[in-house]
Structure formats: C-alpha cells, structure tokens
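# Commentary on secondary and tertiary structure
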Amino acid sequence: TDVQTMTGKLVESAVQICTYDLVTDDGGQAREKSKDFRRAFIHLLSLMHALMCQYLRSDWNLENICTHVPGKHPVQDSHKLPQVKKLVFSGAYWHTILCLQTTQHAQEIYNNLTPLLVVGGLDAEEKKGLYPLMDGGDLYIGHLAPAAVRVETCYAWLHRLILARWKAGGLAVPPPVLSRTYQVLNDALNAFNLLRGIADIPFPFPYSNAIILILMIYTLTVPLLMWIWVKSAWFGALLAFIATFTYWTLNEIARDLEDPFLYEPNDLPLVRMQFLFNERILAIERETGSMERPPSQSALCNAWLGQNGPMSYQTVESHGLYEQIDWSSVSQSDTYFNCTVNPKKAVERLRSTRGFGSTIFKKIQKDLKLRNSV
C-alpha cells in the first residue's frame, strides 16, 4: 500500500501543478514559458520516482536509467519474456526459480537488464549532480554515502523549480491552494521513507542464524525418528522428505518476503510501475494543457482561462497514440531487455482467449448477445 501511496501522491502533484499553471499573473511572458515548465516538472517527477525505485532495489548505477519509450509495456513477470522462455530447460533457469539470488553480483546483473525509464532521460549535468561514481548505503554504510541521498536531491530540485515558476508569474493560484501541492509531495516522501525502513532494516541476524541451525538439526534428526517409528523404509523416507522440505520451503518464503524489492522473480515489478507512472503523468500533462479538454466544456474553460493556444508540450492523441509509433524506427539502444510486449488494441484483447473451454461469464455474455439480437 505504501508503494501505491507514493506513486499516487506524485501523480496527484502532477495534476495540481499542471492545472494551477494555467493561471498566470501577467498572461504574457509567464504563459509562454508554461510548456517549458511543464516539460521540466514532468521530467523531474519521473526522475524522482525512478530514483525512489532505484534506492528500494539497491541499484546505485545511474546507467540503469534510460529514456522513456511510450507504448511499449514492460511485462509483469520477467519469466514470461521470450528470452527467458528459451532457457526453461537450462539449469540456470531452475536455479533462479528455486534458489534465492542474494548475491550483490546477481542483483547488479538483473538491475542492468531491467533499467528504469525516465521521461526525457537523464542528461550529463543531472547525472553529475547525482553522484554517479558513488555507491549508496543502508544502515551498515551510513549517511556518508552520497548516492543514498539522490531522492532527496531530486526532491530539492523539484521544490526549487516550483518556487522559480511561482516567482516568474506562473502558478498564480491563492497560496493556501498552492501549499496543498507541497503537502502532497511531502506525503509521497513520507511513504517512500516507510518503504526505506523495509529495504534498509534487515531481519535480526541472530534470529536468522538460529532458524538455520535449528532447521539443520531438524533435517538430521527427522530421518532417524522415521527409521525408528515407521516400519516401511520407503514410506519413512517419504515422510522425512515431506517434513523437512516443508520447513525449508517456509524459511525460503520468509527470506523472500523480507525484502519485496529484491530477489527476482518474486520481487515487486518496479520497472513496470515506473513505466505506468510515466504514462499517467504524461497523460495528465497532455490533458490539462490542451485546448480540447474537457470535451464538452472546452470553449467555456478556454474563455474563462483566457487560453488561446495549447499549453501542453504534447499533442492530444487520446485514442491513436500507440498505433502511430513506428517500432522499426526505434533503435535497439533506445529500448531495453524487458520492453518486448507491444500494447494490444481493444479488439485484440477481446478476441484473445485463455484457459480451457468457456467460463460461466463467457456463457452469460453469449446469452445476453443472443437475447439482444432477438
């Protein structure tokens, strides 16, 4: 829930800022700079969300931040990728499934193959300001690791941008209304700090070691007990395997749930969350600054706001956005490992079937169509 709170609050701030900037003091030069401000704000908001996701998955490599490519969805589960499916009969595939990948090297490889997308990418000056040659830290390394404060650095950039825009004549809404945006951004950072507690504070080390020691003793003693109490050798071996396997499985599940941001494939899909976040804030910026929205009251709103042209830096493509992308013109370097699922049109989604036979809901739908056709 904290992940959704963090994302939702940042999206809410995008709605507020993009809407408030429709009102300017002088209506002249300040209004002309609205497109530049919107572009910069959406970019920093996307960057801040990506840095939050990077911190949670202990990813300190800024090369794992790439430019957002609209419409090409990351998959929910990386094991559904065609590249991964080809390895289903290999030992590496099942080793990844059955064994918890806790080494730093394994996590760095996974992070490199699944970069996070940012609207507008990450330029050289921003990268320089985010300590590119530094590793971050948790409770063990401490606060002296500069990369650990990348989120706070971007948060400060965001506040400075809002302040500069207000000083230049934009965001000309009453101060109590504008202060609400600061509160929403603060709520997003509070939700992130709660998630940091999960990512940074480990399970007590003595407790974890004691559990492993007890499980090892249990594994050695259960076969002896089965050999004494069960007369059938094969049945005793089966019971011993089931008993020990169950407890070791529960322990592995507990280790995996200790940190939901690491340990693929059961981690949270942060890459897909980042992509969907970008799509949401881009849609908000596009809709709030267009001349055609809201559709039925567009003329009235334009007259009240004194808006004579679109204030969004994007064109309004409410239906055909994805279909207009020529994927053959997108170079491979601009995409990434798990962006292999092209969006389906509504008709394609309706025609796709899963499972065996028809479900009760499909039967009800068919009966309703027959009833309406009569």
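Above this text is the structure in question.
These figures come from a predicted structure and were not determined experimentally.

### Topic: unusual backbone geometry
A negative phi angle is the norm for most residues apart from glycine, just as the trans form is the norm for most peptide bonds. The backbone phi angle of Ser58 is positive, close to 55°, even though this residue is not glycine. Position of Ser58 among the secondary structure elements: in the loop between α3 (34-56) and β1 (65-67). You will see that Leu171, though not glycine, has its phi angle at about 50°, which is positive. The residue Leu171 is located in the loop between α8 (150-167) and α9 (175-200) in this model. According to the relative accessible area criterion, Leu171 is buried, its value standing at 0%.

### Here's the deal with the packing of aromatic side chains
Throughout the structure, instances matching the rule amount to six aromatic pairs. Their ring planes at 15° and their centres at 5.4 Å tell us that Phe241 and Phe245 sit as a pair that is stacked. In this pair, Phe241 and Phe245 both sit in helix α11 (residues 233-258), four residues apart, roughly one turn of the helix.

### Describing a nonpolar patch on the surface
A contiguous nonpolar surface patch, about 670 Å² in accessible area, is contributed by Trp234, Phe235, Leu238, Phe241, Ile242 and Phe245. Classification of Leu238 as partly exposed rests on a relative accessible area of 38%.

### Thoughts on the pattern of salt bridges
A side chain with one charge can pair with a side chain of the opposite charge if their charged atoms come near. As enumerated under the stated definition, the model contains seven salt bridges in all. Close ionic contact of Arg38 with Glu285 constitutes a salt bridge, the shortest N to O distance being 3.5 Å. A residue pair is termed long-range when its members are at least 10 positions apart, and Arg38 in helix α3 and Glu285 in helix α12 (residues 270-288) qualify at 247 residues. Residue classification places Arg38 among the buried residues on the basis of a relative accessible area of 1%. A residue is classified by how much of its surface remains accessible, and Glu285, at 0% relative accessible area, is buried. Measuring nitrogen to oxygen at the nearest pair gives 2.9 Å for the salt bridge that ties Arg57 to Asp59. Accessibility classification places Arg57 together with Asp59 in one group, the buried group. Members of the salt-bridge network, linked through shared partners, are Lys9, Glu12 and Asp187.

### Some remarks on helix α1 (residues 2-20)
Over its 19 residues, α1 runs 27 Å from end to end, which matches the ideal 27 Å to within 8%, given 1.5 Å per residue. When we look at burial in α1, the residues that qualify are Val3, Met6, Thr7, Leu10, Val11, Ser13, Ala14, Gln16, Ile17, Cys18 and Tyr20. As for α1, its buried residues are in contact with α3, α8, α9 and α12.

Conventions we followed
Residues numbered from 1 in each chain as written. Predicted model: local features only at pLDDT ≥ 70, side-chain atom pairs only at ≥ 80, totals over all residues. Heavy atoms only, no water. Helix = DSSP H or I, 4+ residues; strand = E, 2+ residues; numbered from the N terminus. Buried < 20%, exposed > 50% of the residue type's maximum accessible area, 1.4 Å probe, protein only. Phe/Tyr/Trp six-rings, centres within 6.5 Å; stacked < 30°, edge-to-face > 60°. Patch = residues over 30% accessible without salt bridge, like charges linked within 9 Å, V, L, I, M, F, W, Y side chains within 5 Å. Areas by Shrake-Rupley, 256 points an atom, 1.4 Å probe, with all protein chains shown as cover. Salt bridge = Lys/Arg side-chain N within 4 Å of Asp/Glu carboxyl O. Expected span 1.5 Å × (residues − 1). Contact = heavy atoms within 4.5 Å.

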